[in-house]
Amino acid sequence: MIFSQFMMLPDKAKKLLAKAVQLRKENKKFVLGLYKRKDLDKMFHSEHERVFEKTDCLACANCCKTTSPIFRDVDIERISKHLGMKPAQLIDQHLHLDSDQDYVLNTSPCTFLGDDNYCRIYDVRPRACRDYPHTDRKNMMGILELTYHNTLVCPAVAEMVENIKKAVDQKKS
Ligand code: SF4
Ligand code: SF4
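Residues numbered from 1 in each chain as written. Chains lettered and ligands numbered in written order. Predicted model: local features only at pLDDT ≥ 70, side-chain atom pairs only at ≥ 80, totals over all residues. Heavy atoms only, no water.

> Can you help me understand the environment of Asp39 in this one?
Along the polypeptide, Asp39 turns up in the loop between helix H2 (24-32) and helix H3 (40-53). Each C-alpha atom of the pair Asp39 and Thr135 lies 14 Å from the other, and the pair is 96 residues apart in sequence. Polar contacts involving the side chain of Asp39 include one to the side chain of Arg37, which spans 2.9 Å. (Helix = DSSP H or I, 4+ residues; strand = E, 2+ residues; numbered from the N terminus. Polar contact = N/O pair within 3.5 Å; in protein donor to acceptor, adjacent residues only side chain to side chain.)

The following block contains the structure:
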C-alpha cells in the first residue's frame, strides 16, 4: 500500500523512497543520532547542493502530491490576493486547521498542483513550499525528526541521508 504512491515517480526516485521505507528504523536512528555532530549543517548543505543539482523536481512533485505545507497568515494573504479572492474564501475553499492549529490543505495532492507537476501559484506559493525540504537550513539539529520523516517523502532527502551514512561509515573505517 505504502508503495502505491510511488508508482508515478521516476525509477530512481521510486528506488530511493522504497529503500528509505525499508530502512526506516535504521534511518531514523541514524538521522536522530546526528544531533551531536559539529559538522551537521555543513554535511547537509553540501549534500543538498550536490543532490539537487541533478534532481528534477518537475518529474517528481511527490511533496506536493502527498504532504501539505503550512499556510501562514502572510501566505494566505499573498495567495488570496493573487487569486483575486478574500483570505476567508481561500480558507473556506481549500484549508483547515490541523491539530497544531496551523492551516493546511484539505486535499492531497495539493489543489494548486497541475497535471504537468507545475505549481499554479508558484510565484506566490507558501514559504514552506519554497523552503522544502529544508536541508539547506541553518541549525539542522532542530529539524532532524522532520528530516527523517522527509526521507519517506522526498527522494532527494533519502539520497542525501544515504550519502551521509556512507561518508560517516568511511570516516569510521
Ligand atoms: S502550493 Fe504549489 S509548491 Fe506548494 S504544495 Fe501546492 S503545488 Fe506544491
Ligand atoms: S523537493 Fe523532493 S519530493 Fe519535492 S519534488 Fe523535489 S525531489 Fe520531489
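Now that the structure is up, let's keep going.
> Please explain the site of ligand 2 as it appears in this structure.
The local shell around ligand 2 consists of Thr55, Cys57, Cys60, Ala61, Asn62, Cys63, Tyr132, Val153, Cys154 and Pro155. For the shell around ligand 2, a count of residues per class yields 8 nonpolar, 2 polar and no charged. (Near = heavy atom within 4 Å. Nonpolar A, V, L, I, M, F, W, Y, C, P; charged D, E, K, R; others polar.)

> Just checking my understanding: could you explain the site of ligand 1 for this structure?
As a matter of local geometry, ligand 1 sits amid Cys64, Pro69, Cys110, Phe112, Leu113, Cys119, Ile121, Pro126 and Cys129. Within the shell around ligand 1, the residues separate by chemical class into 9 nonpolar, no polar and no charged.

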